[in-house]
Amino acid sequence: MSYVIVLDFGAQYNHLIARRVREARIFCEVLPGDTPAAEILAKKPDALILSGGPSSVFAADAPSMDAALLTQGIPVLGICYGMQLMTRLLGGHVEPATKREYGRTLMQRTEESPLFHGIPQSSTVWMSHGDVVLAVPKGFQVMATTATTPIAAMANPQRNLWAVQYHPEVHHTPEGQVMLRNFLYDIAHLTPDWDPKDRVQEGVRQIQAEVGTGRALVALSGGVDSAVAAALAHRALGDRLTAVLIDHGLMREGEIEEVLAAFPDLDLRVEYAEQQFLDALHGIRDPEAKRKIIGREFIRAFERARESIGSVAHLIQGTVYPDVIESGGGKGSTIKSHHNVGGMPDDADFSIVEPLRWFFKDEVRELGTALGLPDSIVWRQPFPGPGLAVRIVGEVTQEGLAMVRAADAIIREEVRRAGLEKEIWQAFAVLLDIRSVGVMGDGRTYGQPIVIRAVESQDGMTADWVRLSPDLLERMAARVIGEVPGVNRVVYDITSKPPGTIEWE
Ligand code: XMP
């Protein structure tokens, strides 16, 4: 089977490169950039890709690689930092940054090259770099240029070394995937022989290796990610797996029952802990504090569940790649601590297994289908681990939960009736802790507003608000105000991500 290794030099989105390689149906792994050459060569990769990274090659602690990898005849593609590193290691000239180049730019090809086969002479590429290559290493030729970057691509075909200054992996580079495919298929002569179904086997092997002969718990939340992680772990461990569903009282309407129905063969236990969570959240308004508390209480509840189950050392979690990035798992700054990553308390005495850590949501869905999960689970909307708590701005109370839960059920039902379920990434309600005046019947009301949030997204990392029809919005608003006591106003959130996030907290 064709096999590519991405050497990681710390770019926040470098797993996107791996994803693009997988989209070209080639098996791919990401390894630290400084992995010794012997270790890499022992894995017999058919090609290497050097990722981007935030460092300057001139920094004292700049990540580097074993230069021996550049002399093996293995096709190598350097991207951004990867190109600068290749240049430095092979004796070309890199100039320290005077200013960063960031954003879309037009690239002109200066040479015919198999790397750019099928790409127009002039094409848009996404740049994000400080240092710049000013002289290619001996034996290389310049293949492309932009107004500010004289060497935007270079190659030494004899030695099978290729490099681009831009980022082909982001969708702001429209021809990025064409270039990657050229590299994989035409330059490295790889056959697209990897099937996403193989991921079931890979996942099973990974879980079996990490858990060994022991037993594991899986945390089911009701969301797609944890459901797929549970199904995968069940396949790997059979009756050595016990699933625990913590009823933290922050679930959507009917959720516990639906999950129980979807996993008839799994040893699934529900740990009722609503009061524990409500007590812990009492008086807390800060979003990060809420998330941390929920993370902590989750673990506590699991520890209790574990006591009744016997000795279990491992906890399987459905953490997905966007969670890792947004919790600062890469080198970027923390945007939110997702409960299943950053909110994990230090004293948790489980060894955490995260089989979906490098997966994007659509890949998780693909895997779920390959595992035979029903559409009702695979296509359910993403739901955050901290549940409705992050959809109540302000303090979480029983009354607030009842309001946001009822409004959420109405919004989702209307989306389903309108046949929009698969098109919309998420549609839900947010309850705001403010009051406004209204009039209902003959009386003045002083109630809380519900925000309708509906977004389209590929992977949750960016999102656009959905242009729901005014009729549908009106139906939702009328029902929410009519059926949810305490709500007297409905507003529609028209913020995309960025600059907003999908959830309000
Ligand atoms: P944000 O609000 O960060 O959300 O734009 C991106 C996607 O992630 C979901 N989300 C979470 N999922 N644990 C999860 O498992 C969490 O703590 C969490 N917070 C947000 C959110 O619903 C959206 O789909």
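Note that the coordinates shown come from a computational prediction; the quantities given were computed from them, not determined experimentally.

I would appreciate a short explanation of the overall build of the protein in the present structure.
Secondary structure assignment for the protein yields 14 helices and 21 strands. Here the protein has a C-alpha radius of gyration of 25 Å; the compact-globule value for 505 residues is 23 Å, and the two agree. Every one of the 505 residues in the protein was classed for burial, and the buried ones make up 46%. Contacts in the protein between residues far apart in sequence, at least 24 positions, make up 73% of those at least 6 positions apart.

Quick question: what am I supposed to make of the nonpolar core here?
Soluble, globular proteins show a tendency: their nonpolar side chains are buried together. With 84 residues, the main nonpolar core has Ala216, Val218, Val228, Ala233 and Ala407 as its most contacted residues. Ranked by residue count, the leading element in this core is helix α6 (residues 224–237), at 10 residues. Beyond its immediate sequence surroundings of up to four residues, Ala233 is in contact with Ile207, Ala216, Val218, Leu241 and Ile316. Within the second largest apolar cluster, 60 residues are counted, among which are Ile5, Val57, Met83 and Met179.

Which parts of the structure should I look at to understand unusual backbone geometry?
Excluding glycine, most residues fall at negative phi; most peptide bonds, likewise, are trans. Looking along the chain, the bond that leaves Lys497 and enters Pro498 is cis, with omega of -15 degrees. By secondary structure assignment, the location of Pro498 is in the segment after β21 (487–492). Going from Pro498 to Pro499, the amide bond is cis rather than trans, its omega being 10 degrees. Relative to the elements of secondary structure, Pro499 occurs in the segment after β21. The phi angle at Arg25 is positive, at roughly 65 degrees, despite the residue not being glycine. By secondary structure assignment, the location of Arg25 is in the loop between α1 (15–23) and β2 (27–32). Unusually for a residue other than glycine, Cys80 sits at a positive phi of about 55 degrees. Its place among the elements puts Cys80 in the loop between β4 (76–79) and α3 (81–89).

It is not clear to me how the sheet that holds strand β9 (residues 141–146) should be interpreted in this structure. Could you clarify?
Backbone hydrogen bonds hold the strands of a sheet together, and the pairing may be parallel or antiparallel. Ordered by their spatial adjacency, 9 strands build an open sheet running β2-β1-β3-β4-β11-β10-β9-β6-β7, and the pairing between neighbours is mixed. Looking along the sheet, the strands with just one partner apiece sit at the ends: β2 and β7 (122–129). Each adjacent strand pair in this sheet contributes to an overall mean axis angle of 25 degrees, direction not counted. Inspection of the sheet shows strand β1 (residues 3–8) paired to β2 by 6 bridges, in the parallel sense. From the neighbouring strand, Ile5 faces β2, where its bridge partner is Glu29. Where α3 meets the sheet, it contacts β3 (47–50), β4 and β11 (161–164), and its direction lies at approximately 115 degrees from that of β4.

Would you explain the environment of Pro386 in this entry?
When you line up the elements, Pro386 lands in the loop between α12 (375–378) and α13 (398–417). Judged by the 30 C-beta atoms lying within 10 Å of it, Pro386 is buried. Each C-alpha atom of the pair Pro386 and Met179 lies 40 Å from the other, and the pair is 207 residues apart in sequence.

I would appreciate a short explanation of the packing of helix α5 (residues 198–211) against α6 in the present structure.
Each pair of packed helices can be summarised by the angle the axes make with each other and by the distance between the axes. In the contact formed by α5 and α6, the axes pass within 9 Å of each other and the chain directions differ by 65 degrees. Here α5 is positioned roughly perpendicular relative to α6, judged by the angle of their axes. Note on packing geometry: the crossing formed by α5 with α6 is right-handed. For the pair α5 and α6, contact is made by Val200, Gly203, Val204, Ile207, Gln208 and Val211 and by Leu232, Ala233, Arg235, Ala236 and Leu237, respectively. Each residue belonging to the contact of α5 with α6 can be placed in one class, and the counts come to 8 nonpolar, 2 polar and 1 charged.

Sorry if this is basic, but what is going on with the pairing of strand β18 (residues 436–440) here?
Residues in a regular strand point their side chains to alternate faces of the sheet. β18 sits mainly on the outside: 0 of its 5 residues count as buried. Of the pairings in the sheet, the one linking β18 to strand β19 (residues 443–456) comprises 5 bridges and is antiparallel in character. Looking across to β19, one finds that Val437 is bridged to Tyr446. The hairpin turn running from β18 into β19, its antiparallel successor, is 2 residues long, and Gly441 in that turn takes a positive phi close to 60 degrees.

Basis of the calculations
- Along every chain, residues carry numbers that run from 1 in the direction the sequence is written.
- Restriction of local features to residues with pLDDT of at least 70 applies here, the model being predicted, together with a cutoff of 80 or more for giving and counting side-chain atom pairs; totals for whole chains, interfaces and linings are based on all residues.
- Secondary structure counts use DSSP, requiring at least four H or I residues in a row for a helix and at least two E residues in a row for a strand, with both numbered from the N terminus.
- Each radius of gyration reported is based on C-alpha atoms, and the globular scaling rule is 2.2 Å times the count of residues to the power 0.38.
- The exposure label follows from counting other C-beta atoms within 10 Å of a residue's C-beta, where the C-beta atoms are placed from the backbone and the thresholds are 20 or more for buried and 12 or fewer for exposed, leaving partly exposed in between.
- A pair of residues counts as a contact when their C-beta atoms, built from backbone coordinates, are separated by no more than 7 Å.
- Remark: nonpolar core denotes a set of buried Ala, Val, Leu, Ile, Met, Phe, Trp, Tyr and Cys residues whose joining runs through C-beta atoms within 7 Å.
- If DSSP finds at least two bridges between two strands, the strands pair.
- As a rule, the C-alpha atoms of each element are fitted with a line to give its axis, helices using only the stretch in contact, and angles between N-to-C directions run from 0 to 180 degrees.
- Throughout this description, any angle smaller than 35 degrees is read as roughly parallel, any larger than 145 degrees as roughly antiparallel, any in the 65 to 115 degree range as roughly perpendicular, and the remainder as oblique.
- Two helices that cross are described as forming a left-handed crossing if the nearer one is turned anticlockwise from the farther one by less than a right angle, and a right-handed crossing if clockwise.
- Lys, Arg, Asp and Glu make up the charged group, whereas Ala, Val, Leu, Ile, Met, Phe, Trp, Tyr, Cys and Pro make up the nonpolar group; the residues left over, Gly among them, are polar.

In short, shape yes, function no, at least from these values alone.
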